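Letter by letter, the chains look like this.
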There are 2 protein chains.
Amino acid sequence: MQIVNWQNLDPIEQRRILSRTQLQDNHELSILVKTIIENVRQNGDSALYEYLAKYDGVKLNSLLVNQEEYATTTTLSMEAQQAILAAIDNISAYHQSTIPQSFNLEHKHRKLGKIYRPIEKVGLYVPGGTAPLVSTLLMLAVPANLAGCQEKILVTPPNRDGTVSPAILFAAKACGIEQVYKLGGASAIAALAFGSESIPKTYKIFGPGNKYVTEAKLQVSQHCNGAAIDMPAGPSEVLVIADKDANPAFVASDLLAQAEHDSAAQVILVTTCLNLAKQVKQQLHQQSQQLSRNHIIQQALVKSTIIYTPDLATAFSISNQYAPEHLILQIANAETYLSMVHNAGSVFIGEWTPEAVGDYASGTNHVLPTYGYAKMYSGLDVSSFMKGISYQQLSAQGLQEIGATVECLASLEGLDAHRNAVSLRLAELKNKKF
Amino acid sequence: MQIVNWQNLDPIEQRRILSRTQLQDNHELSILVKTIIENVRQNGDSALYEYLAKYDGVKLNSLLVNQEEYATTTTLSMEAQQAILAAIDNISAYHQSTIPQSFNLEHKHRKLGKIYRPIEKVGLYVPGGTAPLVSTLLMLAVPANLAGCQEKILVTPPNRDGTVSPAILFAAKACGIEQVYKLGGASAIAALAFGSESIPKTYKIFGPGNKYVTEAKLQVSQHCNGAAIDMPAGPSEVLVIADKDANPAFVASDLLAQAEHDSAAQVILVTTCLNLAKQVKQQLHQQSQQLSRNHIIQQALVKSTIIYTPDLATAFSISNQYAPEHLILQIANAETYLSMVHNAGSVFIGEWTPEAVGDYASGTNHVLPTYGYAKMYSGLDVSSFMKGISYQQLSAQGLQEIGATVECLASLEGLDAHRNAVSLRLAELKNKKF
């Protein structure tokens, strides 16, 4: 990680330091994903089995995980079972507070309000790969449950032997998910968006994935009969703000935790203390030797930067400009600086709050906006699994009070059928001599 | 409007009746819009002036509405000025209740919460055309103000003589919008998403438009450096549920108000009373003769249907399946049926609540999900102009309480740098002998 002095950089260099790796407009990828989606739309299950054989190397007779397979959950260690249940408890406790509240207000002679309803059918994508991403399952299923979504369709790529990890199945069961399907990649997203003989169509698709999954989510969200998606996605990222009192070992460990995700992961340290910057570099070197994913970490760190700036105001300004997915504050009285945060996915305050706690078990959601999208998107919570419906009811007097306003504005816009809908009611009221 | 008996239809016919006009995958449109967006990205203002000349037939020296032009607002009638101000009052009153509330909770030794921040820069698109859509401006600007968005960039197509309607300028001023630019169509959306010499880049773009605007919004929302958008859009639509006590003239007037929007508008009446169905048909014929946009109305009504079903439960089931943008309840004790509404944009309850009041001045927002998107999207409110940021702060004890859970789950996922960030803190705490 290079160390740069922010004040010595011109605005162009400053922008370059904070710019993300350009997400390539990959035409080949886009065409391939489009072909996969069309094939699934037209041929349903048979296309899904074809892609499972081709990309996951498995031949299956059924996509749905059956009751026998759930029996494998007993092989999961008691420690892991308890960790999953503890995480569910904490995630539930936090997400309870994010349930959107209906309201009703009476304003003059109008009753107005908003009610929230679950999205009835949701698709949850849990990535596979080298390790089962149990935590992602929890971050999707717990809020979907609290929202009250009636159908939760979970898809996850099977292992080479056609199985799904006991940890995933245990977590699914603990979250009350009854339908787990063995499916991964773009074809899984197509199935969730359009349905097939086996897979029910869903209205909104949640969860992270590789570039095929990400592209497929974008494509189905553009299709008028497709599905909505949680948010667009880029590589994971962290920005740490640290002062002279920060513990360099802690800071380094948080940067490394981010870097191990992906060689494209972005890691930025902004510090008001040059000495700390140097100590963190040493710690990065030292700690990374012990880590199993060091080859990924080193690739991620090459593109990463330590920014020195003498004052915290500038540090927060840099952070808000970057709009990190994760923002870690390792500064004295960190909690008092929350008011300076304008753009971030989730904030980790103080030395005993590593990002890893939010990834797994503090209770907040770890599906967060990346790539600067924190400027306009929120991370997941229960509201992501619901939609609001506004309503209004006017009494006769209520209509008489605002009728003229509506008539005038309708005329201004040249919409006389709109005006007429009010005028003939007002005439009726006049006849009735209210 | 044809009358059909729901019970006599087979499931395929039922689905057909409720299906929307297929939005065409218009390849030519998509290519044209892509070209326009690229031209604006590369050539900025000069491309914008080029398209103004080409599509709006105006030659301008400046895109920004200047102070002199605001003087034209004095030509607006006092009645119109008061109507606009009254609408702003009502829209503000309702939208106040939709401001998302930050929360903070202490759970064991963890402080967790969520704060809401305005999206700093927002783009507001107000369509032009034959009449100034003042109401759309209010529906975008009022919640943007309540959210606290710092930069509100409003664009609207100029008239042929290069002016912007006094009503639009009066409303903009009343909403405290300082930057109004003369721009329309796909190029306006490109400018809001990427910026130009004159137009500041924004993070999220709001507002309805024609097919070029809609396509451009979709395209810039897919671009990794583009902008988010409020929601995808299709033609406007209404579904009315009416029983034997409904006033056929009122029901017809609401159907006509919807039909005058667009020849592609969709209008459905579901009624438990065959006699009412016939009376409504008569009223449609009678009232439409008097309406200036009858040519549009007749085109819309051709595709529209009156569905007869003897029971209200089925009527609500049809409505939830269709998921209308606007749902009007003209039934006895209408307010008691709100609990049966699961998918709709906005609900209009009872005989004195024509849809037109919500379009203009009851207070709710009229930018609502169309095309069945009410199954997964909400209409606009203040939360659409903000984003939530979660946070957490653990005390030393808090970390000790959940540390083992996090370590276990990180190991399960094979992410040992995540585990390490917790382990070295726990070790430090042990040394400190808390």
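As the structure is a computational prediction, the values presented were derived from the model and not from experiment.

**Q** Is there a simple way to explain the overall build of chain A in this structure?
**A** Counting secondary structure elements, chain A contains 16 helices and 14 strands. Expressed as a percentage of the 434 residues in chain A, the buried residues total 63%. Here the contacts in chain A between residues at least 6 apart in sequence split such that 76% fall between residues at least 24 apart. A total of about 16,300 Å² of accessible surface is found on chain A, and carbon and sulfur atoms cover 49% of it. Averaged over its 33 positive side-chain charges, chain A has a centre that lies 8 Å from the centre of its 38 negative ones.

**Q** Any chance you could explain the relation of the copies chain A and chain B here in plain terms?
**A** Note that the two copies of the chain are related through a rotation about an axis and a translation along the same axis. Each copy of the sequence occupies a distinct position, and chain A is placed on chain B by a rotation of 180 degrees and an axial shift of 0.0 Å, giving an RMSD of 0.0 Å. Such values leave the two copies arranged in the relation of a two-fold axis. Of the interface residues in chain A, 99% have counterparts in chain B that sit at the interface too, so the contact is made through matching surfaces.

**Q** I'm lost on the packing of aromatic side chains in this one. Help?
**A** Aromatic ring pairs are defined here through the distance separating the ring centres and the angle between the ring planes. Tallying each qualifying case throughout the model produces 14 aromatic pairs over all chains. Seen in terms of ring centroids, Phe-206 of chain A and Phe-385 of chain A are 3.9 Å apart; in terms of plane orientation they differ by 15 degrees. Their pairing is stacked. One end of the pair, Phe-206 of chain A, is in strand β7 (residues 204–206); the other, Phe-385 of chain A, is in the loop between α14 (355–360) and β14 (386–394), with 179 residues separating them in the sequence. Exposure class is identical for Phe-206 of chain A and Phe-385 of chain A. Each is buried. Between Tyr-373 of chain B and Tyr-377 of chain B, the ring centres sit 5.8 Å apart and the planes meet at 85 degrees, which makes this aromatic pair edge-to-face. Owing to a relative accessible area of 8%, Tyr-373 of chain B belongs among the buried residues under this scheme. Ring pairs connect the aromatic residues Tyr-371, Tyr-373 and Tyr-377 of chain A, which therefore count as one cluster. Taking NZ or CZ as reference, Arg-20 of chain A lies 3.7 Å from the ring centre of Tyr-322 of chain A, over its face.

**Q** What am I meant to see in the sheet that holds strand β7 (residues 204–206) of chain B here?
**A** Strand-to-strand pairing in sheets goes through backbone hydrogen bonds, with the strands running parallel or antiparallel. Residues and elements named next belong to chain B. Strand order in the open sheet formed by 5 strands is β6-β5-β4-β7-β8, and the pairing between neighbours is parallel. Each end of this open sheet is capped by a strand with a single partner; those strands are β6 (179–182) and β8 (228–229). Of the pairings in the sheet, the one linking β7 to β8 comprises 2 bridges and is parallel in character. By the bridge assignment for β8, Lys-204 is matched with Ala-228.

**Q** I would appreciate a short explanation of the nonpolar core in the present structure.
**A** Soluble globular proteins tend to bury their nonpolar side chains together. Grouped together as the largest cluster of nonpolar side chains are 135 residues, with contacts concentrated most on Leu-137 and Leu-138 of chain A together with Leu-137 and Leu-138 of chain B. The residues touching Leu-137 of chain A, leaving out its near neighbours within four places in the chain, are Val-126, Leu-154, Ile-168, Ala-171, Ala-172 and Cys-175 of chain A.

**Q** How do you make sense of the interface of chain A and chain B when you look at a structure like this?
**A** When the parts of a complex come together, some accessible area is lost, and that lost area is often taken as the interface size. On the side of chain B, 123 residues touch chain A, which itself brings 124 residues to the contact. Roughly 10,600 Å² is buried in total at the junction of chain A and chain B, and carbon and sulfur atoms are behind 59% of that figure. For the pair chain A and chain B, the interface holds 4 salt bridges. Here Asp-254 of chain B ties to Arg-425 of chain A by a salt bridge, and the two come within 2.8 Å at their closest N and O atoms. Here chain A and chain B share 69 residue pairs in polar contact (both at pLDDT 80 or more) between them. Broken down by element, the residue count for the side of chain A that touches chain B peaks at 10 residues, all from helix α16 (residues 416–431) of chain A. Within the side of chain A that touches chain B, the residues separate by chemical class into 64 nonpolar, 40 polar and 20 charged.

**Q** Is there a simple way to think about the confidence of the model for chain A in this case?
**A** In low-pLDDT regions, the fine details of the predicted coordinates are not to be read closely. For chain A, mean pLDDT is 95; residues scoring 70 or higher make up 99% of the total. Across the interface, the model reports ipTM at 0.96; the global pTM reads 0.97.

**Q** Help me understand the side chain of Ser-236 of chain B, please; the structure alone is not making it clear to me.
**A** All names here are of chain B. Here Ser-236 is to be found in the loop between β8 and β9 (237–242). A distance of 2.6 Å separates polar atoms of two side chains, one belonging to Ser-236 and the other to Gln-258. The contacts of Ser-236, once residues within four sequence positions are left out, are Gln-258, His-261, Ala-265, Gln-266, Glu-325, His-326 and Thr-370.

**Q** Sorry if this is basic, but what is going on with empty space enclosed by the protein here?
**A** To find leftover empty space, one rolls a probe the size of a water molecule over the atoms. All names here are of chain B. Under the defined criterion, the tally for this structure stands at 3 cavities of 30 Å³ or more. Looking at the largest cavity, its volume works out to about 50 Å³. Forming the boundary of the largest cavity are Gly-207, Pro-208, Gly-209, Thr-214, Lys-217, Leu-218, Ile-229, Met-231, Pro-232 and Ala-233. Taken together, the residues of the lining of the largest cavity sort by class into 6 nonpolar, 3 polar and 1 charged.

**Q** Is there a simple way to explain helix α15 (residues 396–412) of chain A in this structure?
**A** Residue pairs three or four apart in sequence face the same way in an α-helix, which turns once every 3.6 residues. Under the 1.5 Å per step criterion, the end-to-end length of α15 of chain A is 24 Å for 17 residues, consistent within 8% with the ideal 24 Å. Maximal helix bending in α15 of chain A amounts to about 45 degrees, located at Ile-402 of chain A. Turning to α15 of chain A, its buried residues number three or more, namely Ala-396, Gly-398, Leu-399, Ile-402, Gly-403, Thr-405, Val-406, Glu-407, Cys-408, Leu-409 and Ala-410 of chain A. Packing partners of the buried residues in α15 of chain A comprise β3 (110–118), β14 and α16 of chain A together with α4 (78–96) and α13 (355–360) of chain B. Where α15 of chain A terminates, the next one or two residues include Gly-414 of chain A, which has phi positive at roughly 70 degrees.

**Q** Sorry, what's going on with the sheet that holds strand β12 (residues 326–330) of chain A here?
**A** Strand order in the open sheet made by the 9 strands is β1(A)-β11(A)-β10(A)-β9(A)-β12(A)-β13(A)-β14(B)-β3(B)-β2(B), with mixed pairing throughout. Each edge of the open sheet carries a strand with a single partner, namely β1 (2–5) of chain A together with β2 (103–107) of chain B. Looking at each pair of strands side by side, their axes are set apart by 20 degrees on average, direction ignored. In this structure, strand β3 (residues 110–118) of chain B lies alongside strand β14 (residues 386–394) of chain B, joined through 9 bridges in antiparallel fashion. What sits directly across from Tyr-116 of chain B, in β14 of chain B, is Gly-388 of chain B.

**Q** Just to check I follow, could you spell out the packing of helix α5 (residues 78–96) of chain A against helix α6 (residues 134–147) of chain A for this structure?
**A** Geometrically, a packed helix pair is captured by the angle between its two axes and the distance between the axes. Residues and elements named next belong to chain A. Between α5 and α6, the shortest axis-to-axis distance is 10 Å and the interhelical angle comes to 45 degrees. As summarised for this structure, α5 and α6 are arranged oblique, according to the angle between their axes. For the pair α5 and α6, the crossing hand works out as right-handed. On the side of α5, the interface is formed by Ile-84, Ala-87, Ile-88, Ile-91, Ser-92, His-95 and Gln-96, while α6 contributes Val-134, Leu-138, Met-139, Val-142, Pro-143 and Leu-146. Split by residue class, the contact of α5 with α6 holds 10 nonpolar, 3 polar and no charged.

**Q** What is the right way to read the pattern of salt bridges from this model?
**A** Opposite charge on two side chains allows them to pair when their charged atoms are near. All names here are of chain B. Under the definition given, this model contains 18 salt bridges over all chains. Between Glu-38 and Arg-41 there is a salt bridge, with its nearest N and O atoms 3.4 Å apart. With a gap of 3 residues between them, Glu-38 and Arg-41 both fall in helix α2 (residues 27–56), about one helical turn apart. On the basis of relative accessibility, which here comes to 31%, the residue Glu-38 falls in the partly exposed class. The class for Arg-41 is partly exposed, based on a relative accessible area of 37%. Note that Arg-293 and Glu-260 form a salt bridge whose closest N and O atoms lie 3.9 Å from each other. Of this pair, Arg-293 sits in the loop between α10 (274–288) and α11 (294–302) while Glu-260 sits in the loop between α9 (248–259) and β10 (266–271), placing them 33 residues apart in sequence. We note that Arg-293, like Glu-260, is buried.

**Q** How should I be thinking about the pairing of strand β6 (residues 179–182) of chain A in this particular structure?
**A** Both faces of the sheet carry side chains from a regular strand, because those side chains alternate between them. Residue and element names in this part refer to chain A. In this structure, strand β5 (residues 151–156) lies alongside β6, joined through 4 bridges in parallel fashion. The residue bridging Leu-154 from the neighbouring strand is Val-180, located in β6. This β-α-β element, β5 to helix α7 (residues 166–174) to β6, shows right-handed connectivity.

**Q** Would you take a moment to explain the side chain of Glu-260 of chain A for this structure?
**A** Among the residues examined, Glu-260 of chain A registers a relative accessible area of 0% and is labelled buried. In terms of polar contacts, Glu-260 of chain A uses its side chain to reach the backbone amide nitrogen of Asp-416 of chain B, at 3.3 Å. Once residues within four sequence positions are removed from consideration, Glu-260 of chain A is found in contact with Arg-293, Ile-296 and Ile-297 of chain A together with Leu-415, Asp-416, Ala-417 and His-418 of chain B.

How each quantity is defined
- Residues numbered from 1 in each chain as written.
- Chains lettered and ligands numbered in written order.
- Predicted model: local features only at pLDDT ≥ 70, side-chain atom pairs only at ≥ 80, totals over all residues.
- Heavy atoms only, no water.
- Helix = DSSP H or I, 4+ residues; strand = E, 2+ residues; numbered from the N terminus.
- Buried < 20%, exposed > 50% of the residue type's maximum accessible area, 1.4 Å probe, protein only.
- Contact = heavy atoms within 4.5 Å.
- Areas by Shrake-Rupley, 256 points an atom, 1.4 Å probe, with all protein chains shown as cover.
- Lys, Arg positive; Asp, Glu negative; His and termini not counted.
- Charge placed at Lys NZ, Arg CZ, Asp CG, Glu CD.
- Least-squares fit on C-alpha atoms with pLDDT ≥ 70 in both.
- Phe/Tyr/Trp six-rings, centres within 6.5 Å; stacked < 30°, edge-to-face > 60°.
- Lys NZ or Arg CZ within 6 Å of the ring centre and 35° of its normal.
- Pairing = 2+ DSSP bridges.
- Core = buried A, V, L, I, M, F, W, Y, C linked by side-chain atoms within 4.5 Å.
- Buried area = accessible area lost by both parts, 1.4 Å probe.
- Salt bridge = Lys/Arg side-chain N within 4 Å of Asp/Glu carboxyl O.
- Polar contact = N/O pair within 3.5 Å; in protein donor to acceptor, adjacent residues only side chain to side chain.
- Nonpolar A, V, L, I, M, F, W, Y, C, P; charged D, E, K, R; others polar.
- pLDDT = per-residue confidence, 0-100.
- 1 Å grid on protein atoms, 1.4 Å probe; cavity = no way out; pocket = protein on both sides within 12 Å on 5 of 7 lines; lining within 4 Å.
- Points joined across faces, edges and corners; volume = space filled by probe spheres on them.
- Expected span 1.5 Å × (residues − 1).
- Bend = angle between axes of the 7 residues up to and from the residue.
- Axes fitted to C-alpha atoms, helices over the stretch in contact; angles between N-to-C directions.
- Parallel < 35°, antiparallel > 145°, perpendicular 65-115°, else oblique.
- Left-handed = near helix turned anticlockwise from the far one by under 90°.
- Right-handed = clockwise from strand over helix to strand, strands pointing away.

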